[in-house]
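Residue-level listing of the chains:
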Amino acid sequence: MFDADIQWTQNQQHARAAFSLATGITALIGPSGAGKTTLARFICGLDKPMGGHMRFDKQTLFHAQKRVFIPAANRNIGLVAQDAGLFPHLNAEKNIGFAPTSTPESRAKAIETMDCKHLLQRLPQTLSGGERRRVAIARTLAANPRLIILDEPMTGLDPKARQEILPFIKALNRKDGVPVLFITHQIEDMLAIADHALLMAPGKIVAAGSLEDIVASPDCARLLGLSDAGQLLRGTVKNRQDGMIIVDAAGTKICLPDSGENTGAEVTLRVMASDIAVAKQPVEGISVINQLPAQILKVESAEHSATIHLALEPSGFLIKSNVAGPTVARLNLSEGDTVWALIKAVSVKDVVLPPAPCA
């Protein structure tokens, strides 16, 4: 367990971050310029905060009042920077084995985890962006770190390369048990990778917790420049029919396009509030398959729009629907009403399969 409460100066303003890192993969998400890389450098010991403290398990890494500062070389924390930082004159094998703390066993395990065996004799300049990231992560893993920090590892990668490297990052924790801090500004990457998350605004941590907590945070969409961060529903693929899969989310059945997910697979669904319509009763003769009973918990009206807070039945999952302002009066919607949430199957933005546990 890592915990910190540190202060520093950022853009001539006082900055402070109090947070902890648990086992698993934690995403540190926030806009560019929030201070995510600065925080990573403090954790690694590359820079020293102005005040506060940091502890890793029982070891104090930094304590301003007690004048304790463990240098980076003695922290055993691995940092993979955005540019991968490979030595251009060394092939992949020598890059991976560069750290003095690596062993033949750790190098072999890192090469297997990141699937680098076929890359070992190649120089960095002959590797693709995704391959360079994998070699850089393998080099860090081979050094036997107790924590790995990945600083925007998806930067500059095309969509295909991004999708290829995600399973390898998941494997860092699932196969090797190494805690990972995954720094990103992309909510899709966070959903695909993380178990927990920290949401960072410029110079401070504003939310911490589960992925549901972060996505539901009122600051999430604003900080990431999104009109809608979406809402997460977790469920299990129960069966398939007519080109669709049926996901059971605690009793709420949702139909989605069949992309080959295995029956029994656990999935996380991300649904946008702008993609949810509300009806007073089931609607016939339309293409919307998912018409889910729900109870109105609250109606928030603005000048030209309204947000309707809903609890799906029978699961109790909380979702929101953004509708035009006149809709509330036209349908006479009020707290406590039973309505139907209409969700197009194709409007579910992400179907995220959680990482398989280590065998």
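Higher on the page you've got the structure.
As a convention, each chain's residues are numbered from 1 in the sequence order in which they are written. Reporting in this predicted model follows two pLDDT cut-offs: at least 70 for local features of residues, and 80 or more for side-chain atom pairs to be given and counted; totals over whole chains, interfaces and linings ignore these cut-offs and use all residues. Excluding hydrogens and water, the side-chain figures rest on all heavy atoms present in the structure.

## Some details on helix 5 (residues 159–176)
Convention followed: Strands here mean DSSP runs of E at least two residues long; helices mean DSSP runs of H or I at least four residues long; both are numbered from the N terminus. Any helix carries an expected span of 1.5 Å times its number of residues minus one. In this analysis the local bend is the angle between axes fitted, respectively, to the seven residues ending at and the seven residues starting at the residue. Partly exposed residues are those whose accessible area sits between 20% and 50% of the maximum for their type, while under 20% is buried and over 50% is exposed, using a 1.4 Å probe and protein chains only. Any pair of residues with heavy atoms lying within 4.5 Å of one another is described as a contacting pair.
For helix 5, which comprises 18 residues, the first-to-last C-alpha distance of 26 Å matches the rise-based estimate of 26 Å (1.5 Å per residue) to within 8%. Maximal helix bending in helix 5 amounts to about 30 degrees, located at K170. Within helix 5 the residues assigned to the buried category are A161, R162, I165, L166, F168, I169, K170, A171, L172, N173, R174 and D176. Residues of helix 5 that are buried make contact with strand 3 (25–29), helix 3 (104–113), helix 4 (129–142), strand 8 (147–151), strand 9 (180–184) and helix 6 (187–193). Backbone geometry just downstream of helix 5 places G177 in the positive-phi region, at approximately 70 degrees.

## Let's talk about the packing of helix 3 against helix 5
The condition is simple: Lines fitted to C-alpha atoms define the axes here, with helix axes fitted over just the stretch in contact, and angles between the N-to-C directions of these axes take values from 0 to 180 degrees. Orientation is classified from the angle alone, with under 35 degrees giving roughly parallel, over 145 giving roughly antiparallel, 65 to 115 giving roughly perpendicular, and any other angle giving oblique. Only Asp, Glu, Lys and Arg are considered charged in this grouping, and only Ala, Val, Leu, Ile, Met, Phe, Trp, Tyr, Cys and Pro are considered nonpolar; every other residue, Gly among them, is considered polar.
Helix 5 packs onto helix 3 with a crossing angle of 135 degrees between their chain directions and a minimal axis gap of 10 Å. When the interaxial angle is binned, helix 3 and helix 5 end up oblique. Residues K109, E112 and T113 of helix 3 form the contact with helix 5, whose participating residues are F168, A171, L172, K175 and D176. Classifying every residue of the contact of helix 3 with helix 5 gives three nonpolar, one polar and four charged.

## Concerning the packing of helix 4 against helix 5
The criterion, for reference: What makes a crossing left-handed is the near helix being turned counterclockwise from the far one by less than a right angle; a clockwise turn instead makes it right-handed.
Taken N-terminus to C-terminus, the directions of helix 4 and helix 5 make an angle of 15 degrees; their axes are 10 Å apart at the nearest point. The angle between helix 4 and helix 5 falls in the class roughly parallel. Judged by the sense of rotation from one axis to the other, the crossing of helix 4 with helix 5 is right-handed. Taken together, the residues of helix 5 that come into contact with helix 4 (itself represented by G130, R133, R134, I137 and L141) are I165, F168, I169, L172 and D176.

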